[in-house]
Structures are given as C-alpha cells and as structure tokens.
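Geometric and topological summary
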Amino acid sequence: MKDDFHLTLRSLRVWDTELPGFDASAAPLEPLPLFREWFVHAAGAGQLEPHTMSLATVDAQGRPDVRTLMLHDADARGWHFASHSTSAKGRQLAAHPEAALGFYWPTVARQIRIRGRVTACGPEVSRADLAVRSRGALAAALTGRQSEVLASTAELVRASAEAWERAAAEPDAPAPTWTAYVLDATEVEFFQGDPARRHTRLRYTRTTPSPTDPPASAPTWTRDLLWP
C-alpha cells in the first residue's frame, strides 16, 4: 500500500519560481517601513490573505501555544490584533503579556518574525476596532464563548443565527469581552528565501533607552545579518 503522506511530502518543491531580491544594506533604520513595504509587495504578488499571522503565547504552565488570526494594523504603536479577553489567548496574554507573531508569504518566499510585549487596549479602542469590521465579524464576536467546550454543532448554529440577527438589527451592538491588543515589538526579523539556500536574514533589535534620554525619545534599532 502506498504511503500517500510521505509520497506527497517528498514530492513537494519549495520556491520553484523567480523570487524577489533583498538588499539588506539598503533596509530602513526601523522595521515598520520595511514590514509595510513587504506586506504591500506580497499582496501585489498574489499572496492570499497576507494579513493572516501566527500568534504564539504561553499558558499558565509555560507551555507554548499558537494559532492563526488577522492583523488589524501596523503603526508606530505596534502590530494590532483582537480577540475575546476570555479566550485562551486572552487569558494567556493577561498572565504572560510577552508574545510572538509570524508571517509567512510563500508566494515571495518571505517571512517575518516579531517578538514583544502585548498590551490590551481599553473599551473605547476595542469597540472602535469592532465597529470597522464586517457584519460577520460582529456576529462572531457576539456569539462569544470562544475556546469554551461546545456541547454540539447545533448549539453553535443556534447561537450564531441569533448573533447574525442581532448584528443586522444593531450594527453597533456591544461585545463586552472583545478586546483590541497591540504588540510593541522589541525584535523583528525579515527572512528572504533563496533557491540556493543562501537565505537573507535581517534582524532588528530595539535598544534600551538610556536613563538620561528624554522620556518621549523614539526607539532606536540595531540591525544584524544572521546566518541562515
């Protein structure tokens, strides 16, 4: 009997196409402009859902946990996303607010890894985050109970139908546990794949401000190339 899994696994090829270049010496002094540039490039190159990312946290026992969710923004404050504060990731972030994000865009053989501290935004910001999303997103938020044990799919169907009806009738309906989060990066790594496996890795590390620096000083970054 054929082992379809291993036959398929060993038949796959990686980056069997022309790939973009990356001159790390010409990279900007801070990671945010490069992230935005790569993001727009990936979307223009046909990468499906470039705003999907992996979020890694740790639980109460220190065990790593990871899931895929959507990026909501990336600005001077950091990388933004949202979830229920009562979800597994919400509880984990409340106890251990250090986290990591991962973007992978195979169309252009690029990935970005981000680490930093996560802050939960207040109710006003969280409501505004939900207000600009789709009716489906509001319905999902109103369904609630994320990460809890589900007794049956029928229960989910009923709760979801009720949430969709409410979202249609009340487009500004509150979802009290919906929380906007922002990850303030301390380390950002850009990876450009190469068919010859001479990958380019550029790491930005935020330097710790000196006690003599003004309180409102902008963060500074050091850049290092890494062996692939």
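Everything in this summary refers to the structure shown in the same document. (Residues numbered from 1 in each chain as written. Predicted model: local features only at pLDDT ≥ 70, side-chain atom pairs only at ≥ 80, totals over all residues. Heavy atoms only, no water.)

A short note on the layout of surface pockets
Note the cut-off: Every definition here rests on a 1 Å grid over the protein atoms only: cavities are sets of points where a 1.4 Å probe fits but cannot get out, pockets are open sets enclosed by protein on both sides within 12 Å along at least five of seven lines, and lining residues have some atom within 4 Å of a point. Grid points are joined across faces, edges and corners, and a volume is the space filled by probe spheres set on the points. Secondary structure elements follow DSSP: runs of H or I of four or more residues count as helices, runs of E of two or more count as strands, with numbering from the N terminus. The nonpolar class holds Ala, Val, Leu, Ile, Met, Phe, Trp, Tyr, Cys and Pro. Asp, Glu, Lys and Arg form the charged class, and all remaining residues, Gly among them, are polar.
Size it by volume and the largest pocket reaches roughly 300 Å³. Taken together, 17 residues make up the lining of the largest pocket; nearest its centre are Ala-82, Ser-83, Lys-89, Gln-146 and Trp-178. Elements represented by at least two residues in the lining of the largest pocket include exactly strand 2 (64-70), strand 4 (78-84) and helix 5 (135-143). In the lining of the largest pocket, the residues fall into 8 nonpolar, 7 polar and 2 charged.

Observations concerning the packing of helix 5 against helix 6 (residues 153-169)
Helices that pack against each other are described as a pair by the angle of their axes relative to one another and the distance between those axes. Just so we agree on the cut-off: Note on definitions: angles span 0 to 180 degrees between N-to-C directions of axes, and those axes are lines fitted to C-alpha atoms, for helices only across the stretch in contact. An angle below 35 degrees is read as roughly parallel, one above 145 as roughly antiparallel, one from 65 to 115 as roughly perpendicular, and any other as oblique. Should the near helix be turned counterclockwise from the far one by less than a right angle, the crossing is left-handed, whereas a clockwise turn marks it as right-handed. Residue contacts follow a heavy-atom distance rule, with two residues in contact if any of their heavy atoms lie within 4.5 Å.
Remark: helix 5 packs on helix 6, axes separated minimally by 8 Å, with the N-to-C direction vectors making an angle of 125°. In terms of orientation, helix 5 and helix 6 fall into the oblique class. When you trace helix 5 past helix 6, the crossing you get is right-handed. Note on element contacts: helix 6 touches helix 5 through Leu-156, Ala-159, Ser-160, Ala-163, Trp-164, Arg-166, Ala-167 and Ala-168, opposite Arg-135, Gly-136, Leu-138, Ala-139, Leu-142 and Thr-143. Split into classes, the residues belonging to the contact of helix 5 with helix 6 amount to 9 nonpolar, 3 polar and 2 charged.

What about empty space enclosed by the protein?
Evaluation of the coordinates by the stated rule reveals 1 cavity of 30 Å³ or more. Counted as a void, the largest cavity has a volume near 30 Å³. Around the largest cavity, the lining residues are Arg-113, Arg-115, Glu-187 and Glu-189. Those elements giving two or more residues to the lining of the largest cavity turn out to be strand 6 (110-120) and strand 7 (178-192). Tallied by class, residues from the lining of the largest cavity come to no nonpolar, no polar and 4 charged.

Some remarks on unusual backbone geometry
Operational definition: A simple rule labels every residue: compare its accessible area, found with a 1.4 Å probe on the protein chains alone, to the largest value its type can have, and call it buried under 20%, exposed over 50%, or partly exposed in between.
A positive phi angle is found at Glu-49, which is not glycine, with a value near 45°. Topologically, Glu-49 is positioned in the loop between helix 2 (31-44) and strand 1 (52-58). With phi around 55°, Ala-109 is a residue other than glycine that occupies positive phi space. Topologically, Ala-109 is positioned in the loop between strand 5 (98-105) and strand 6. Ala-109 gets classed as buried once you look at its relative accessible area, which sits at 0%.

Quick word on the side chain of Gln-192
Just so we agree on the cut-off: Under this definition, polar contacts are N or O atom pairs within 3.5 Å; protein pairs additionally need one hydrogen-donor-capable and one acceptor-capable atom, and for neighbouring residues in sequence, both atoms have to be side-chain atoms.
Tracing the backbone shows Gln-192 in strand 7. For Gln-192, the side chain forms a polar contact with the main-chain oxygen of Val-108, separated by 3.2 Å. For Gln-192, the side chain forms a polar contact with the side chain of Arg-110, separated by 2.5 Å. Contact partners of Gln-192, with chain neighbours within four places excluded, come to Leu-19, Pro-20, Gly-21, Phe-22, Trp-38, Val-108, Ala-109, Arg-110, His-199 and Thr-200.

Structural notes on the pattern of salt bridges
What counts, and what does not: Salt bridges are identified by distance alone: a Lys or Arg side-chain nitrogen within 4 Å of an Asp or Glu carboxyl oxygen.
One pass over the structure, following the stated rule, counts 12 salt bridges. In this structure, Glu-148 engages Arg-145 in a salt bridge whose closest nitrogen and oxygen atoms are separated by 3.2 Å. Relative accessible area serves as the criterion here: at 47%, Glu-148 is assigned to the partly exposed category. A salt bridge links Glu-170 to Arg-166, with the nearest nitrogen and oxygen atoms 3.4 Å apart. Here Glu-170 falls in the partly exposed class, since its relative accessible area comes to 34%. Of the residues examined, Arg-166 reaches a relative accessible area of 35% and is grouped as partly exposed.

Some thoughts on the environment of Gln-47
Structurally, the position occupied by Gln-47 is in the loop between helix 2 and strand 1. Once you skip the residues sitting within four places of it in the chain, Gln-47 turns out to touch Ala-42, Trp-105, Pro-106 and Thr-107. A distance of 2.9 Å separates a polar atom in the side chain of Gln-47 from a polar atom in the side chain of Thr-107.

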